[in-house]
Amino acid sequence: MGWEDMEPLNGSTGVCFGVFNASDSRGSAQNSITSPWFSTAFGLIGLCSNLFALCVLLSSSRKLSSRARSSFLVFLCGLVVTDFMGLLVTASVIIPYHFIKFPWAEVDPSCHLCNFLGFSMVFFGQCPLLLGATMATERFFGINHPFSRSTSISKRRAWSIVGLVWGFSCLLGLLPVLGLGRYTLQYPGSWCFLTLLPDTGDVIFCLLFALLGIFSVLLSFIFNTVSVVTLCRVYHDRESVQRRRDSEVEMMVQLVGIMIIATICWMPLLVFIIQTVLQQLPASGHVQVLPTETQKMLLIYIRMVTWNQILDPWVYILFRRAVLQRIYPSLRPRPSIISLYPVLNPSLRRKLTTD
């Protein structure tokens with residue numbers, strides 16, 4: 001028996017089946033958004049983009065002497081690796097389904113594959129948002145409080161922070177496996193995600209996922225805005241107008257681009273999740289199947305999120321100084337942030353300049 005023939009919450013199969021009406025998806029399963037070629041094109045474009053960006057990042061990191069820039073590239077590298085692995089893992093399950101149309105309930109009666117795919121969607125979805133907030137925080141202190149630390153973050157410490165972000169996202173993704181919420185098969189039967197039903201565990205997990213994502217986006221917006229304002233104020237200072245911090249500008253341009261893309265791609269889905277689960281709360285658990293329109297809107301928002309993984313690498317590829325200097329020839333290497341502050345103790349200036 002395939003998923004097309006299942007009834008909602010069939011006791012003979014795992015708990016990950018039956019939250020959408022399979023019969024509603026039969027007539028539209030062949031449209032462009034659920035076609036195998038659409039998913040394949042998305043996956044290939046995203047994988048190639050991230051692989052190209054990773055090669056450029058590794059090449060650039062070998063030529064850098066600035067620790068501030070090196071640590072920022074580590075965060076960018078962590079972001080690109082996350083996006084690449086996210087596309088690779090999810091596409092390895094979703095694309096074969098579109099071509100083979102395997103009976104999910106027979107292949108995965110215990111929901112192990114569904115739980116793995118749902119975990120991957122949450123893990124690789126939350127990581128970029130948290131990494132974006134981490135980079136915004138690091139740049140905020142690097143630009144607004146450059147002398148609060150004796151040295152910039154080293155590469156090893158930066159990788160440790162990336163590892164902590166991965167670990168936290170991993171714990172978040174494991175919550176349904178540990179009993180809080182569920183991962184369930186979603187329309188049109190090719191992927192698994194958190195469950196937008198009024199069950200208490202599902203509601204808590206959905207709100208936790210969505211609110212954490214919104215918090216990360218808002219934190220990035222606040223810190224990036226303050227950092228950009230600081231840079232603009234320094235640039236308009238008469239004494240420092242000729243001593244531009246090209247490296248700081250390059251990092252902020254890339255960071256703002258990542259933030260804008262994350263906001264556009266993620267906020268509709270996160271708001272939709274909160275709105276859906278809160279609207280269904282009065283049902284007190286009586287709703288067992290997602291409405292057809294909710295299923296389709298969820299799929300559309302997930303497609304928007306996929307664009308985040310595709311566009312992220314191009315922010316770094318296109319907004320590097322090597323590219324910007326071709327567009328704006330007057331952009332030339334200038335002294336860093338140290339040159340824009342009052343005269344320092346000579347030994348401290350030498351130390352900070354070396355870092």
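None of these values were measured; they are calculated from a predicted model.

Another point: the state of the cysteines. Enumeration over the complete set of coordinates arrives at 1 disulfide. Shown here is the disulfide that connects cysteine 114 with cysteine 192, its sulfur atoms set 2.0 Å apart. Judged by the sign of its S-S torsion, about -120 degrees, the cystine formed by cysteine 114 and cysteine 192 is left-handed. You can see cysteine 114 sitting in helix α5 (residues 112–144) and its partner cysteine 192 sitting in strand β2 (residues 191–194), a full 78 residues away along the chain. An identical accessibility class is assigned to cysteine 114 and cysteine 192; each is buried.

Before going further, it helps to examine α5. Between its first and last C-alpha atoms α5 spans 47 Å; for 33 residues at 1.5 Å apiece the expected length is 48 Å, and the two agree. Taken across its 33 residues, α5 has 27 buried, putting it largely inside the fold.

This paragraph deals with the UniProt feature "transmembrane region" (unreviewed entry) in the protein chain. UniProt marks residues 37–60, 72–97, 117–137, 158–181, 201–234, 255–278 and 298–319 with the feature "transmembrane region" (unreviewed entry), using the numbering shown here. Within the segment residues 255–278, helix and strand shares are 100% and 0% respectively, and the terminal C-alpha atoms sit 33 Å apart.

Tallied over the entire structure, the rule returns 11 aromatic pairs. Aromatic side chains phenylalanine 272 and tyrosine 301 sit 5.0 Å apart centroid to centroid with 55 degrees between the ring planes, which places their arrangement in the tilted category. With a gap of 29 residues between them, phenylalanine 272 in helix α8 (residues 246–279) and tyrosine 301 in helix α9 (residues 292–318) connect regions that are remote in the sequence. When sorted by exposure, phenylalanine 272 lands in the same class as tyrosine 301, which is buried. An aromatic cluster of three or more residues is present, and its members are Trp191, Phe193, Phe209 and Trp266.

This part takes up the pairing of β2. The pairing of strand β1 (residues 183–186) with β2 spans 4 bridges and is classified as antiparallel. In the sheet register, glutamine 186 faces β2, and the bridge partner there is tryptophan 191. Connecting β1 to the next strand, β2, in antiparallel fashion are 4 residues, including glycine 189 with a positive phi near 95 degrees.

It is worth spelling out the environment of glycine 173 at this point. Counting through the fold element by element, glycine 173 comes out in helix α6 (residues 155–178). The class for glycine 173 is buried, based on a relative accessible area of 0%. Sequence separation between glycine 173 and asparagine 115 is 58 residues, and the spatial gap between their C-alpha atoms is 9.5 Å. Once residues lying within four places of it in the same chain are set aside, the contact partners of glycine 173 are Phe119, Val122 and Tyr183.

On average, the protein chain scores 78 in pLDDT, and the residues at 70 or more come to 73%. Mean pLDDT across the elements of the protein chain bottoms out in helix α11 (residues 346–354) (49) and peaks in α6 (93). In this model residues 238–244 is a low-confidence stretch, pLDDT under 50, and it forms 11 contacts with partners more than four residues away in sequence or in other chains. This stretch, residues 334–346, has a pLDDT under 50; its non-local contacts, to residues over four places away or in other chains, come to 34 contacts.

Calculation criteria
All chains use their own residue numbering, which begins from 1 and follows the written sequence. With the structure being a predicted model, the display of local features is reserved for residues of pLDDT at least 70 and the display and counting of side-chain atom pairs for 80 or more, all residues being used for whole-chain, interface and lining totals. Excluded from the side-chain calculation are hydrogens and water; included are all heavy atoms of the structure. Defined by distance alone, a disulfide is two cysteine sulfur atoms within 2.5 Å. Each helix is a run of DSSP H or I of at least 4 residues and each strand a run of E of at least 2, with the numbering of both proceeding from the N terminus. Buried means the residue's accessible area, taken with a 1.4 Å probe over protein chains only, is under 20% of the maximum for its type, while exposed means over 50%, and partly exposed covers the values in between. Helix span, expected: 1.5 Å multiplied by one less than the number of residues in the helix. UniProt positions are given in the numbering used here, feature names are shortened, and annotations may be inferred rather than shown by experiment. For Phe, Tyr and Trp, rings pair up if their centres lie within 6.5 Å, where Trp contributes its six-membered ring, and each pair is then called stacked (planes under 30 degrees apart), edge-to-face (over 60) or tilted (otherwise). At least two DSSP bridges between two strands are required for those strands to pair. Note on definitions: a residue-residue contact is assigned when non-hydrogen atoms from the two residues lie within 4.5 Å. The predictor attaches a confidence to each residue, and that confidence, scored 0 to 100, is pLDDT.

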